[in-house]
Amino acid sequence: MSADAAQGFFSLACEGVQGLHPYEPGKPISELEREYGIDNAVKLASNENPFGPAPGAVEAARRALDSLALYPDGNAFALKQALAARHGVEPAQVTVGNGSNDILELLARVFLQPGLNAVFSAHAFAVYPIVTQAVGATAKVAPANPPGHVSPYGHDLEAMAQAVDEKTRIVFIANPNNPTGTLLPAAELKAFVSGLPANVVVVIDEAYFEYVRQPDYPDTSRWLQEFPNLVVTRTFSKAYGLAGLRVGYGLACAEISELLNRVRQPFNVNAVAQAAALAALDDQHHIDDCVKKNNAGLAQLAAGFERAGLGYVPSVANFVLVDVGRPGVEVYQRLLPHGVIVRPVANYGLPGYLRVTVGSADENDKFLAALDAVLGDRG
Ligand SMILES: *Cc1c(COP(=O)(O)O)cnc(C)c1O
């Protein structure tokens, strides 16, 4: 029996798993460099922070290496205390996860099963369909805003409200949304949450929260008192620059948090991640500095796209969707030999676009020059 021949296990897998399309991560730099025999490649494909974490977070991670023989604090006491204080909630309302992705999965496992559904928007974060399908529940995908809208391809909350039925247990909302970079303003979002039935859990995924400084952008962690069915997720992977450590969290009423705690792994967040995240919270100056550079980078990319005559979706986050006017995957592939990794988004229903993470000024320049060469058929 050869190890790679099909052995018939597929038919034994749970139905939801049989229909699952695995998440496709951005191509790692090391893989590209190996394949093309190049160095100095830049990765603008996974919305990582090009400026890295706060120095204090790195220092704390190093110190945590002295205790690697011990299990981490399974209850993440210190980190939960700090997060609770920051958000004005009780520690019992905080769930720490192996990335916020972990929290999304715990929510699906607690609230979804075959026969039930989750509602989310077209062009929303790719993990929502995966966690829904993995537990055998049904994804109800609401149509997004049309291309000509002020928030092109962004969430259409009216369409989402219409998609909710008696079998809906979760509504996933990303604000801002990935991959569109579009924002839902406070008043509109609050009206939507208020209008949901009390037995529908609404998950507001704020993975890019720290980047957004628009005055009408809500901090929905402040709404938890008012809405017991609200869950807010945040992460240390994006603005905090700790994607490699995998740490994020969810905020909810104590009852939902207790349910999430039943299904999580006992030690789901490692000790190095807990230490680094706790220290990262202390350096708001670093975040502000990264946000300033990110805004300059967004302007740099927008100017480059305008020079090249390319349309793009104005973004409030650390990435931007650009309309390359041909299959995005082709442009993606032709950028690789230039040492530039971006993200084709056909899997998000946007085949003519690329999602580009805002890099450092040099990385953005390198990308724009490569894009110019590729689109001008000189590369
Ligand atoms: C990156 C991202 C996340 C999750 O990242 P983690 O690294 O698992 O915390 C969640 N939601 C959205 C919309 C994202 O873009």
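Look up: the structure comes first, before these words.
Nothing here was measured: the structure is a model prediction, and the numbers come from that model. (Residues numbered from 1 in each chain as written. Predicted model: local features only at pLDDT ≥ 70, side-chain atom pairs only at ≥ 80, totals over all residues. Heavy atoms only, no water.)

Q: Teacher, can you tell me more about empty space enclosed by the protein here?
A: Inspection of every chain in the model, using the stated rule, returns 3 cavities of 30 Å³ or more. Estimated volume of the largest cavity: approximately 70 Å³. G74, A76, V96, R264 and N268 are, among the 14 residues lining the largest cavity, the residues nearest its centre. Residues belonging to the lining of the largest cavity are distributed by class as follows: 5 nonpolar, 6 polar and 3 charged. Size it by volume and the second largest cavity reaches roughly 40 Å³. Of the residues that constitute the lining of the second largest cavity, the class distribution is 3 nonpolar, 7 polar and no charged. (1 Å grid on protein atoms, 1.4 Å probe; cavity = no way out; pocket = protein on both sides within 12 Å on 5 of 7 lines; lining within 4 Å. Points joined across faces, edges and corners; volume = space filled by probe spheres on them. Nonpolar A, V, L, I, M, F, W, Y, C, P; charged D, E, K, R; others polar.)

Q: Honestly, the site of the ligand in this entry has me stumped. Any pointers?
A: Every residue near the ligand is listed here: G99, S100, N101, F125, N178, D205, A207, Y208, T235, S237, K238 and R246. One nitrogen or oxygen atom from the side chain of Y208 is found 2.5 Å from an oxygen atom belonging to the ligand. Side-chain polar atom of S237 to an oxygen atom of the ligand: 2.5 Å apart, as the coordinates give it. Burial of the ligand by the protein amounts to 93% of the accessible area it has alone, namely 390 Å². According to the grid-proximity analysis, the pocket containing the ligand is the largest pocket. Taken together, the residues of the shell around the ligand break down into 3 nonpolar, 6 polar and 3 charged. (Near = heavy atom within 4 Å. Polar contact = N/O pair within 3.5 Å; in protein donor to acceptor, adjacent residues only side chain to side chain. Areas by Shrake-Rupley, 256 points an atom, 1.4 Å probe, with all protein chains shown as cover. Sits in = over half its atoms within 2 Å of the grid points.)

Q: Explanation requested: the nonpolar core in the structure shown.
A: Within soluble globular proteins, side chains that are nonpolar tend to cluster in buried spots. Core analysis: the biggest nonpolar cluster contains 54 residues, and V171, I173, F192, V202 and F236 have the highest contact counts within it. With residues up to four places along the chain from it excluded, the contact list for F236 reads L79, L83, G241, L242, A243, V247, G248, Y249, A277, A280 and L281. Grouped together as the second largest cluster of nonpolar side chains are 32 residues, L106, L107, A108 and V345 included. (Core = buried A, V, L, I, M, F, W, Y, C linked by side-chain atoms within 4.5 Å. Buried < 20%, exposed > 50% of the residue type's maximum accessible area, 1.4 Å probe, protein only. Contact = heavy atoms within 4.5 Å.)

Q: Help me understand the layout of surface pockets, please; the structure alone is not making it clear to me.
A: Where empty space is left can be seen by rolling a probe of water-molecule size over the atoms. Each pocket or cavity is described by its volume, and for the largest pocket that value is around 530 Å³. Contributing to the lining of the largest pocket are 31 residues, with Y23, S46, S237, K238 and R246 lying nearest its centre. The biggest single contributor to the lining of the largest pocket is helix α5 (residues 100–111), with 3 residues. Split by residue class, the lining of the largest pocket holds 12 nonpolar, 11 polar and 8 charged. Approximately 360 Å³ is the volume found for the second largest pocket. Together, 20 residues line the second largest pocket, and H21, A126, P129, I130 and N347 are the ones closest to its centre. Mapped by element, the contributors of at least two residues to the lining of the second largest pocket are β3 (117–121) and α6 (127–134). Top contributing element to the lining of the second largest pocket by residue count: α6, with 3 residues. (Helix = DSSP H or I, 4+ residues; strand = E, 2+ residues; numbered from the N terminus.)

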